[in-house]
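Coordinate analysis (summary)
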Amino acid sequence: MEIRIDRTSSSRLPQVDFANLGFGSVFADHMFVADCLEGQWYDLRIVPFGELSMSPGLSALHYGQTIFEGMKAYRTPEGEITIFRLSDHLRRLNRSAERLCMQAIPPQVFEEGLKQLVRLDADWVPHNGSLYIRPIYFASDDQLGVHASKSYRLIIFSSPVTTYYSTNLLVQVETNHVRATDGGIGYVKTAGNYARSLSASQRARAEGFNVVLWLDSINRQFIEEYSTMNAFFVIDDVAVTPPTSGTILEGITRDSMIRLLSDNGYKVTQREIAIDEVMEAGRTGRLTEAFGTGTAAVAAPVERIHYQGEDIFLSTDHSKWPVLSFLRKRLDDIRTRQVADPYGWVSVV
Ligand code: COI
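Residues numbered from 1 in each chain as written. Predicted model: local features only at pLDDT ≥ 70, side-chain atom pairs only at ≥ 80, totals over all residues. Heavy atoms only, no water.

**What about the domain arrangement of the protein chain?**
Let me state the cut-off plainly: For the domains described, the bounds stem from an automatic or database domain assignment. Whether two residues are in contact is decided by their heavy atoms: any pair within 4.5 Å suffices. Throughout, the accessible surface (probe 1.4 Å) given up by two parts as they are put together, summed over both, is called the buried area. A carboxyl oxygen of Asp or Glu within 4 Å of a side-chain nitrogen of Lys or Arg is what we treat as a salt bridge.
What the domain assignment lists for the protein chain is domain 1 (4-161) and domain 2 (169-328). A separation of 28 Å is found between the C-alpha centroids of domain 1 and domain 2. Contacts between the two partners involve 19 residues from domain 1, matched on the other side by 19 residues from domain 2. In this assembly, domain 1 packs against domain 2 so that about 1,600 Å² is buried in total across both faces, 57% of it on carbon and sulfur atoms. Its largest share of buried area at the contact with domain 2, domain 1 owes to Phe68, Arg92 and Arg99, together 38% of the area lost on that side. For the interface between domain 1 and domain 2, the tally reads two salt bridges. Where Asp255 meets Arg85, a salt bridge forms, and the shortest distance between an N and an O atom there is 2.9 Å.

**With respect to the packing of aromatic side chains**
Basically, it comes down to this: Ring pairs are drawn from Phe, Tyr and Trp, using the six-membered ring of Trp, whenever the two centres fall within 6.5 Å, and their geometry is named by plane angle: stacked under 30 degrees, edge-to-face over 60, tilted for the rest. Secondary structure is summarised from DSSP: a helix means a run of H or I of at least four residues, a strand means a run of E of at least two, and numbering begins at the N terminus for each. Only protein chains enter the area calculation, which uses a 1.4 Å probe; residues under 20% of their type maximum are buried, those over 50% are exposed, and those in between are partly exposed. In this scheme, Lys NZ or Arg CZ marks a charge over a ring once it lies within 6 Å of the ring centre and within 35 degrees of the ring normal.
Applying the stated criterion across every chain, the model contains 13 aromatic pairs. Measuring from ring centre to ring centre gives 5.0 Å for Phe23 and Tyr132, while their planes differ by 65°; the resulting arrangement is edge-to-face. Placement of the pair is Phe23 in the loop between β1 (4-5) and β2 (30-37) and Tyr132 in strand β7 (residues 130-139), with a sequence separation of 109 residues. The buried category is assigned to Tyr132, whose relative accessible area is 8%. On the numbers, 5.4 Å between centres and 10° between planes, the contact of Phe232 with Phe291 is stacked. One end of the pair, Phe232, is in strand β12 (residues 230-235); the other, Phe291, is in strand β15 (residues 287-294), with 59 residues separating them in the sequence. With a relative accessible area of 0%, Phe232 lands in the buried category. In textbook terms, an aromatic cluster arises when at least three aromatic residues are bridged by ring pairs, as seen for Phe23, Tyr132, Tyr164 and Tyr165. Positioned over the ring face of Phe84 is Arg335, at 5.6 Å from the centre of the ring.

**Looking at the pairing of β12**
Short version of the rule: Paired strands are those between which DSSP finds at least two bridges.
Within β12, six of the six residues are buried, which leaves the element mostly enclosed by the surrounding structure. Of the two faces of β12, the one lined by Asn230, Phe232 and Val234 and the one lined by Ala231, Phe233 and Ile235 are each fully buried. Taken together, the three bridges between β12 and strand β13 (residues 238-241) define a ladder with antiparallel strand orientation. By the bridge assignment for β13, Phe233 is matched with Val240. Where β12 hands over to β13, the hairpin turn is made up of two residues, of which Asp236 adopts a positive phi near 50°.

**Some words on the side chain of Arg92**
Looking at the element boundaries, Arg92 is found in helix α2 (residues 86-99). Excluding its chain neighbours within four sequence positions, the residues that come into contact with Arg92 are Glu69, Gly70, Lys189, Leu249, Glu250, Gly251 and Ile252.

**So, unusual backbone geometry**
One non-glycine residue with positive phi stands out, namely Glu38, at about 45°. Note on placement: Glu38 falls in the loop between β2 and β3 (40-48). For Glu38, a relative accessible area of 53% corresponds to the exposed category. With phi around 45°, Gln308 is a residue other than glycine that occupies positive phi space.

**Describing the site of the ligand**
Spelled out, the test is: Residue proximity to a molecule or strand is established when one non-hydrogen atom of the residue lies within 4 Å of it. To measure how exposed things are, a 1.4 Å probe is used in the Shrake-Rupley method; for residues, cover is taken only from the protein chains shown. All amino acids are sorted into three groups, where Ala, Val, Leu, Ile, Met, Phe, Trp, Tyr, Cys and Pro are nonpolar, Asp, Glu, Lys and Arg are charged, and the leftover types, Gly among them, are polar.
Around the ligand, the neighbouring residues are Phe68, Gly70, Tyr132, Arg134, Tyr164, Lys189, Thr228, Thr295 and Ala296. Compared with its free state, where it exposes 280 Å², the ligand has 92% of that area covered by protein. The residue inventory of the shell around the ligand, partitioned by class, reads four nonpolar, three polar and two charged. Split by domain, the shell around the ligand shows at least three residues from each of two domains, domain 1 (4-161) and domain 2 (169-328).

**Quick notes on the packing of helix α6 (residues 252-263) against helix α8 (residues 322-335)**
How we decide: Structural elements are reduced to axes, namely lines fitted to C-alpha atoms, with helices fitted over the stretch in contact, and the angle between N-to-C directions of any two is expressed from 0 to 180 degrees. Geometric relationships in this document are graded by angle, where less than 35 degrees denotes roughly parallel, more than 145 denotes roughly antiparallel, 65 to 115 denotes roughly perpendicular, and other angles denote oblique.
As a packed pair, α6 and α8 sit with axes 10 Å apart at the nearest point and diverge in direction by 105°. Compared by their axis directions, α6 and α8 come out roughly perpendicular. Residue-level contacts link Thr253, Ser256, Met257, Leu260 and Leu261 of α6 to Val323, Phe326, Leu327, Arg330, Leu331 and Ile334 of α8. Across the contact of α6 with α8, the residue classes break down as eight nonpolar, two polar and one charged.

**Section: the pairing of β2**
It is a general feature of regular strands that their side chains alternate between the two faces of the sheet. Among the eight residues in β2, seven count as buried, and that is most of the element. In this antiparallel pair of consecutive strands, β2 and β3, the connection spans two residues, and Glu38 shows a positive phi of 45°. Of the strand pairs in this sheet, β2 and strand β8 (residues 151-161) are connected by six bridges, and their pairing is antiparallel. By the bridge assignment, Asp35 is partnered in β8 with Arg153.

As structure tokens, this is what we get:
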């Protein structure tokens, strides 16, 4: 499928302060756009990043058929540009699409559009961070009435970033709201899952925390995830993360971490883990590391966990956190091609 390219006549690159990027507020020069009507893809184009014109009747705005991904491109010391786990992100996007009754995205549309976009905006990949790539996919019928849309639009755009969390995680365990329920859409990367997390997050922030940890909807006891990351706890030298059984996002960073740990002599297990167990391990000094993982955050260490009036504090000397240190370094080395990639995770564009 041919992709039309309309280059910007005036790049915004010279205005970017690469020393102070933060997360997600600066956008690269171009975006890839593709439309689909009743399964037929058409008008694949790369155009200058800019505003969209849309009808107030756009069905995604009403009934929530809208999904997204978060992926990253890196610059290697040799100057190549890599994309991490491209086909796994498409697989997850299409799993989200299937659950929300949306047309699947063909690999050739997604991969070709993405690669050509990243090649065109290669100068936007920072030397001191990564290019965060945000594919969004939404229903584009211009009609009211609750049914699956006939038309869809895929847009891929990008943003040069450094870390998502600039400080350690100060965690409030949420005991009132729930993020997801069995049989629901907790595993889908859709706007609604983030929207339902916002009021608890806002409450937590007002009380001095920067992230919420969600519990299961039935027992209000088993750990699910942070709103922005999967959760890992190192207890008695074993890295534990809850199984992704439908209510938890199947994190690609999470999966990478599990594979890196188990292939490199670390103990790692996926099992249900109760908040009571975490607090008890914290009280007795057996909880030695806790962190969140995600594409944006990579691996963010926890400093404090607050649950039912009690606080657990973890050491902030992360040089003494062997699991976190290993994961950060190995993942970085794979993504920047400093060590072999036995998993085929890295695509050079
Ligand atoms: C990601 O990690 O890529 C996400 O989509 C999470 C979001 C909070 C930035």
